[in-house]
Amino acid sequence: MTSKPSRPTSTHEARGNDLTSWNFLADLSRQQLSWATESASAIFRSSEAMRKVQQQAAHQASEHYATAAQKLRVACQPADLLAVQSELLRFDLQEASQYWQQLVTAALQAQTEMMTTASHMLDSEAGGGVKSAIEAMQAAIPPIANSFFATRPNGPTERAQASA
């Protein structure tokens, strides 16, 4: 009986089977979950800030239009009517501009917080662990994949030989 020459194990495979590789993978998962959670928190804070901007704009518009409606309830001159209309137009344009600026500011602040979180994760000492965890995962995949496909014939000729 001839023995098949054993395939030399590479350092990647040896490290892939090491328990510390799996610890790195678990730490990578923790770091990714931490980043996702902090990003979600930033999005929720941004959503809350946007709702406050919307509520404030609606409140100001409600008060301003109530005042205009009260002025229009009494009989007035055509010039007074034109003054109320122009004041409403001025208010609408000014407040719309301010409203969109505040919404964009809230969105940019959320984006900045998310990017800061990602930057801290990659730049921190643990960020070195991210790189190590990715390397460990790359080292662990080939031995795992080989164990799944070790008994399976590769091509049609080998399959025919295996079935014969």
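Keep in mind the model is a prediction, meaning the values are calculated, not measured.

Structural notes on the overall build of the protein
Stage number 1. Within the protein one finds five helices and zero strands.
Stage number 2. Helices and strands appear in the protein in the N-to-C order α-α-α-α-α.
Stage number 3. Residue burial in the protein is summarised as follows: out of 164 residues, 18% are buried.
Stage number 4. Long-range pairs, those at least 24 residues apart, make up 80% of the contacts in the protein with a sequence separation of at least 6.
Stage number 5. When the accessible area of the protein is evaluated, it comes to approximately 12500 Å², of which 61% is carbon and sulfur surface.

Re the pattern of salt bridges
Stage number 1. Per the counting criterion, the structure on display carries two salt bridges.
Stage number 2. Of the charged contacts, one joins arginine 45 and glutamate 113 as a salt bridge, the two residues approaching to 2.3 Å between their closest N and O atoms. Taken together, the residues span a long stretch of sequence, with arginine 45 in helix H2 (residues 19-73) and glutamate 113 in helix H3 (residues 78-123) at a distance of 68 residues.
Stage number 3. Of the charged contacts in the structure, one is a salt bridge between arginine 90 and glutamate 87, with a shortest N-O distance of 2.5 Å. With arginine 90 and glutamate 87 both in helix H3 and three residues apart, this pair spans about one turn of that helix.

Overview of empty space enclosed by the protein
Over the atoms rolls a probe the size of a water molecule, and its path tells where empty space is left.
Stage number 1. Scanning the entire structure with this criterion turns up one cavity of 30 Å³ or more.
Stage number 2. Roughly 60 Å³ of volume is contained in the largest cavity.
Stage number 3. In terms of lining residues, the largest cavity is bounded by Val53, Gln56, Ala57, Gln60, Glu95, Gln98, Tyr99 and Gln102.
Stage number 4. Of all the secondary structure elements, the ones that give two or more residues to the lining of the largest cavity are H2 and H3.

Some details on the environment of glutamate 95
Stage number 1. With respect to the helices, strands and loops of the structure, glutamate 95 is situated in helix H3.
Stage number 2. In this structure the C-alpha to C-alpha distance between glutamate 95 and alanine 57, which are 38 residues apart in sequence, comes to 7.4 Å.

Some words on H3
Stage number 1. For H3, which comprises 46 residues, the first-to-last C-alpha distance of 67 Å matches the rise-based estimate of 68 Å (1.5 Å per residue) to within 8%.
Stage number 2. Inspection of H3 places Val84, Leu88, Phe91, Glu95, Tyr99, Leu103, Ala106, Ala110, Thr117 and Ala118 among the buried residues, and these make up the whole buried set.

A look at the confidence of the model for the protein
Stage number 1. Chain-level pLDDT for the protein is 77 on average; 63% of the residues reach the 70-or-more range.
Stage number 2. Within the protein, helix H1 (residues 11-16) has the poorest average pLDDT of any element, 47, and H3 the best, 89.
Stage number 3. Low pLDDT (under 50) marks residues 8-16, which in the prediction has nine contacts with non-local residues, meaning those over four places away or in another chain.

Overview of the environment of methionine 115
Stage number 1. By the element assignment, methionine 115 lies in helix H3.
Stage number 2. Under the relative-accessibility criterion, methionine 115 is labelled exposed at 55%.
Stage number 3. Along the backbone, methionine 115 and tryptophan 35 are 80 residues apart, and their C-alpha atoms lie at a distance of 9.9 Å.

Brief notes about the packing of aromatic side chains
The relative placement of two aromatic rings is captured by the distance of their centres and the angle of their planes.
Stage number 1. Applying the stated criterion to the full structure yields one aromatic pair.
Stage number 2. Plain terms: the ring middles of tyrosine 99 and tryptophan 100 are 5.2 Å apart, the flat faces sit at 75° to each other, and that makes the pair edge-to-face.
Stage number 3. Take tryptophan 100: its relative accessible area is 54%, and that puts it in the exposed class.

Analysis parameters
Residues numbered from 1 in each chain as written. Predicted model: local features only at pLDDT ≥ 70, side-chain atom pairs only at ≥ 80, totals over all residues. Heavy atoms only, no water. Helix = DSSP H or I, 4+ residues; strand = E, 2+ residues; numbered from the N terminus. Buried < 20%, exposed > 50% of the residue type's maximum accessible area, 1.4 Å probe, protein only. Contact = heavy atoms within 4.5 Å. Areas by Shrake-Rupley, 256 points an atom, 1.4 Å probe, with all protein chains shown as cover. Salt bridge = Lys/Arg side-chain N within 4 Å of Asp/Glu carboxyl O. 1 Å grid on protein atoms, 1.4 Å probe; cavity = no way out; pocket = protein on both sides within 12 Å on 5 of 7 lines; lining within 4 Å. Points joined across faces, edges and corners; volume = space filled by probe spheres on them. Expected span 1.5 Å × (residues − 1). pLDDT = per-residue confidence, 0-100. Phe/Tyr/Trp six-rings, centres within 6.5 Å; stacked < 30°, edge-to-face > 60°.

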